[in-house]
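Structure assessment
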Amino acid sequence: MMEGLKGRIQTVRGAIEPGELGFVLSHEHLFINLLPEAFRSARGEPIIMEKLGSLRRNWASNVENLSLESEEDAVYEMGVFKRMGGGTLVEQTVCGLLQNPQALARVSERTGVNIVAGTGLYSHQYHPPEIAELDESRIAERFVREITEGIEGTGVRAGIIGEIGLSWPVHPDEERVLRAAVRAQRETGASLSIHPGKHHEAPRHAVEVILQEKGDPERCIMCHIERTYFDIEPMVALAETGCCLEFDLFGQEYSYFPTAPIDMPNDAVRINFIMKLIDAGHLERILVSQDICRKIHLTRFGGEGYYYLMEYVLPMMRRKGMSDHEIDALTRGNPARMLAFL
Ligand SMILES: [Zn+2]
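In this text, all values refer to a predicted model and were calculated from it rather than measured experimentally.

1. Notes on the environment of Gly159
- Note on placement: Gly159 falls in the loop between helix 4 (136–148) and strand 8 (160–165).
- For Gly159, a count of 27 C-beta atoms within 10 Å puts it in the buried group.
- Sequence spacing of Gly159 and Gly19 is 140 residues, and the spatial spacing of their C-alpha atoms is 16 Å.
- The residues contacting Gly159, other than those within four sequence positions of it, are Ile9, Gln10, Thr11, Val116, Ala117, Ala190 and Leu339.

Laid out in structure tokens, this is it:
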């Protein structure tokens with residue numbers, strides 16, 4: 001059905017060849033609002049230097065921090081990313097998180113960065129009310145339409161399904177959405193990116209659902225792996241199912257996780273896990289990114305910016321002994337394989 005897209009990647013400005021991607025950040029946000037709809041009118045204090053330190057300790061302490069809505073900020077940040085050698089950004093803001101596909105197309109146009117947009121639904125608190133009434137096939141149709149025709153009638157097409165948001169325990173509406181996403185994955189040949197609940201059983205549960213729906217785990221990306229598993233054994237076991245493990249919180253080095261009792265690793269620990277996965281034979285099952293989704297991540301707000309991984313993490317990988325071949329797999333080869341339509 002997606003004949004013209006086979007082997008190619010669908011960006012917000014049309015299809016490109018895998019060789020045109022360059023360096024890829026596999027899981028980011030340029031436009032997002034992390035507040036559920038009912039709370040969106042809330043305004044916090046302006047983000048000023050005096051408040052930056054406390055926001056870095058607790059990113060949830062000011063609602064102003066929880067949205068990215070400025071097109072000028074996005075153009076500025078993508079300009080820096082491009083100048084530092086960046087090629088492509090996968091933007092995983094989906095319905096309910098205030099996605100802005102037309103702005104993505106303009107930012108891509110103005111900066112030359114390839115942007116791949118997502119279709120999907122985030123966790124149930126963010127579902128539009130009609131989702132509770134729709135069955136799996138109707139939800140799947142919606143995802144397929146956003147890939148073949150455009151996101152919410154804009155004509156800007158999605159190139160990946162996700163991030164699909166799951167809680168723990170999985171809400172029944174979320175499970176229906178996941179089943180629909182697997183159907184859309186099978187029908188379109190796109191890959192499927194899953195934000196698992198914050199529980200060690202969550203990723204395997206999602207893989208079970210994929211298998212029940214006769215989906216292909218090799219087309220699945222499990223996001224935020226480093227806040228879900230804290231040991232190498234479950235990581236290796238998940239890689240053995242065929243699914244990609246995404247270490248997508250690079251640069252987020254705070255130890256206090258405001259919304260759950262999670263011991264966040266730092267970047268060095270993330271790289272140690274990645275190297276162990278490579279030793280276990282799973283180089284092809286690893287993706288990396290920064291999941292920028294709050295203002296304090298932006299260079300304009302004193303944050304790390306989208307160039308951080310290229311500039312600071314890659315040298316650390318080399319210093320720890322990773323080869324150029326391995327780094328290329330994480331940042332170019334694996335994303336190209338996962339983004340190319342089957
Ligand atoms: Zn995300």
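Having seen the model, we can carry on.
2. Observations regarding the nonpolar core
- In terms of nonpolar packing, the biggest core is built from 91 residues, with Phe143, Ile164, Ala181, Ile194, Met222, Cys244 and Leu245 touching the most fellow members.
- No other element matches the six residues that helix 5 (residues 172–188) contributes to this core.
- The contact partners of Met222, leaving out residues within four places of it in the chain, are Ile194, Pro196, Pro203, Leu238, Cys243, Cys244, Leu245 and Glu246.

3. Re the packing of helix 7 (residues 232–240) against helix 8 (residues 267–279)
- Across the interface, helix 7 lies against helix 8 with an axial gap of 10 Å and an inter-helix angle of 50°. One finds that helix 7 runs oblique with respect to helix 8. Classified by chirality, the crossing of helix 8 by helix 7 is right-handed. Together, Ile232, Met235, Val236 and Ala239 of helix 7 and Phe273, Lys276 and Leu277 of helix 8 make up the contact between the two elements.
- In terms of residue class, the contact of helix 7 with helix 8 is built from six nonpolar, no polar and one charged.

4. Overview of the pairing of strand 11 (residues 244–247)
- Of the two faces of strand 11, both are covered, the one formed by Cys244 and Glu246 as well as the one formed by Leu245 and Phe247.
- Sheet analysis places strand 10 (residues 220–222) next to strand 11, joined by two bridges and oriented parallel. By the bridge assignment, Met222 is partnered in strand 11 with Leu245.
- Handedness of the crossover joining strand 10 and strand 11 through helix 7 is recorded here as right-handed.

5. Description of the packing of helix 8 against helix 9 (residues 308–319)
- Helix 9 packs onto helix 8 with a crossing angle of 50° between their chain directions and a minimal axis gap of 10 Å. When the axes of helix 8 and helix 9 are compared, the pair comes out oblique. When you trace helix 8 past helix 9, the crossing you get is right-handed. Across from Asp267, Ala268 and Ile271 in helix 8, the residues of helix 9 making contact are Val313, Met316 and Met317.
- Looking at the contact of helix 8 with helix 9, its residues break down into five nonpolar, no polar and one charged.

Each value, and the rule that gives it
Residues numbered from 1 in each chain as written. Predicted model: local features only at pLDDT ≥ 70, side-chain atom pairs only at ≥ 80, totals over all residues. Helix = DSSP H or I, 4+ residues; strand = E, 2+ residues; numbered from the N terminus. Buried ≥ 20, exposed ≤ 12 C-beta atoms within 10 Å, placed from the backbone. Contact = placed C-beta atoms within 7 Å. Core = buried A, V, L, I, M, F, W, Y, C linked by C-beta atoms within 7 Å. Axes fitted to C-alpha atoms, helices over the stretch in contact; angles between N-to-C directions. Parallel < 35°, antiparallel > 145°, perpendicular 65-115°, else oblique. Left-handed = near helix turned anticlockwise from the far one by under 90°. Nonpolar A, V, L, I, M, F, W, Y, C, P; charged D, E, K, R; others polar. Pairing = 2+ DSSP bridges. Right-handed = clockwise from strand over helix to strand, strands pointing away.

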